Amino acid sequence: MNDLASAPIAPRQRKPDWIRVKAPVSKGYHETRQLMRDLSLNTVCEEAACPNIGECWTKKHATVMILGDVCTRACAFCNVKTGMPRTVDPLEPEHVAAAAAKLGLQHIVVTSVDRDDLPDGGASQFVKVIEALRRETPDTTIEILTPDFRNKMRPAVEAICQAGPDVYNHNLETVPRLYPTIRPGARYYASLRLLEEVKAHDPLIFTKSGVMMGLGEQRLEVHQVMDDMRSADVDFITMGQYLQPTPKHAKVEEFVSPKAFAAYGAIARAKGFLQVAASPLTRSSYHAGDDFAAMKAARESRLAKKGA
């Protein structure tokens, strides 16, 4: 396991103007925060120190993080705590459904920590959450963002696909060359196979994956990741600026400009993705509901053209 506690401290760079956001102060933000506390729910918005938390929570959009707030891995980019997780909360699925109902969510994103300690990697909890949401808020579309379920991927993906999420997201995070230092507990091609496996089980489930920019990746490496995603029939790619959570995490090698993000986005669209989100502040669940609607419309349009 990568131990961030013993890692050398990397200096934190000054952020350019285009990446700065205001501190959250709205009434909606505080109401969303209190609801998460009342239902004993964790959010990736808080645990990963997302820069968009003020905007999203003001709109009552929160990304729930199931299976606790302690991860069994220690990726060099992630701010989630690492250690031995607590027992899985059996009430968590009902609490997620209650939160979706109280927030009036049309689209919900559910993610999790890595749980390598569990026999199924936590897949059954994803299934229970999806089932609870279908019971309590049947009109809410469901997007999940799962870990790679190391050494138990196929049965995990099969069980989750049978539960029927609308979108299955699994992030590649970075280019293959940087995996040993940035994502040491994972394998690039294993993550690609997971995305392929989703489509093999149910071609109608939208698949989604994302990469962080500014970790030292080269332009042609990013283009190759796009090609790899398209080979796995990934529908939606997200690209956003990596931000260093603490001095002990991987440093930012480059602040990629909005113009460069726009260029990457144009290339991704040309490669055939149904939906592309590319900007410094883009994150996996940022504007997820609007993006889902656009992706669904794009698929319908593409199918109509093929049928014409």
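Conventions we followed
- Counting restarts for each chain: residues are numbered from 1 in the order of the written sequence.
- Predicted model: local features are reported for residues with pLDDT of at least 70 only, side-chain atom pairs are reported and counted for 80 or more only, and whole-chain, interface and lining totals are derived from all residues.
- Each side-chain value is derived from all of the structure's non-hydrogen atoms; neither hydrogens nor water enter the calculation.
- UniProt positions are given in the numbering used here, feature names are shortened, and annotations may be inferred rather than shown by experiment.
- Counting from the N terminus, the helices are DSSP H or I runs at least four residues long and the strands are E runs at least two residues long.
- How far a helix is expected to stretch is found by multiplying one less than its residue total by 1.5 Å.
- Exposure is judged per residue with a 1.4 Å probe applied to protein chains only, and the accessible area is read against the type maximum: over 50% gives exposed, under 20% gives buried, and values in between give partly exposed.
- The directions considered for the arc are those from the helix axis to the C-beta atoms.
- Remark: nonpolar core denotes a set of buried residues (Ala, Val, Leu, Ile, Met, Phe, Trp, Tyr, Cys) joined through side-chain atoms within 4.5 Å.
- The contact criterion used throughout is that any non-hydrogen atoms of two residues lie within 4.5 Å.

- Under an unreviewed UniProt entry, the name given to the protein chain is Lipoyl synthase, and the source organism is Tsuneonella deserti.
- Recorded in UniProt under Sequence similarities (unreviewed entry), the annotation for the protein chain is "Belongs to the radical SAM superfamily. Lipoyl synthase family."
- Here the protein chain is described in UniProt, under the heading Pathway (unreviewed entry), as follows: "Protein modification; protein lipoylation via endogenous pathway; protein N(6)-(lipoyl)lysine from octanoyl-[acyl-carrier-protein]: step 2/2."

## As for helix α10 (residues 258-270)
Turning to step 1, where the next piece is worked out: Under the 1.5 Å per step criterion, the end-to-end length of α10 is 18 Å for 13 residues, consistent within 8% with the ideal 18 Å.
Turning to step 2, where the next piece is worked out: Turning to α10, its buried residues are Phe261, Tyr264, Gly265 and Ala268. Projected down its long axis, α10 carries its buried residues within an arc of 100°, all on one side. Turned more than 90 degrees away from the buried face of α10 sit Lys259 and Ala270, all of them exposed.
Turning to step 3, where the next piece is worked out: Remark: Gly272 follows α10 within two positions and exhibits a positive phi of approximately 105°.

## Digging into the nonpolar core
Turning to step 1, where the next piece is worked out: Core analysis: the largest hydrophobic core is formed by 41 residues, its most contacted members being Val96, Val110, Leu133, Ile160 and Tyr168.
Turning to step 2, where the next piece is worked out: Here this core gets seven residues from one element, more than from any other, and that element is helix α5 (residues 123-136).
Turning to step 3, where the next piece is worked out: With sequence-adjacent residues up to four places away left out, Leu133 is seen in contact with Val96, Ala97, Ala100, Ile108, Val110, Pro138 and Ile142.
Turning to step 4, where the next piece is worked out: Membership of the second largest hydrophobic core comes to 37 residues, among which are Ile19, Phe77, Met212 and Val222.

## Concerning unusual backbone geometry
Turning to step 1, where the next piece is worked out: One non-glycine residue, Leu67, lies in positive phi territory at about 70°.
Turning to step 2, where the next piece is worked out: Along the chain, Leu67 turns up in the loop between β2 (64-66) and β3 (70-71).
Turning to step 3, where the next piece is worked out: A positive phi angle, close to 75°, is found at Glu173, a residue other than glycine.
Turning to step 4, where the next piece is worked out: By secondary structure assignment, the location of Glu173 is in the loop between β7 (167-169) and α7 (179-182).

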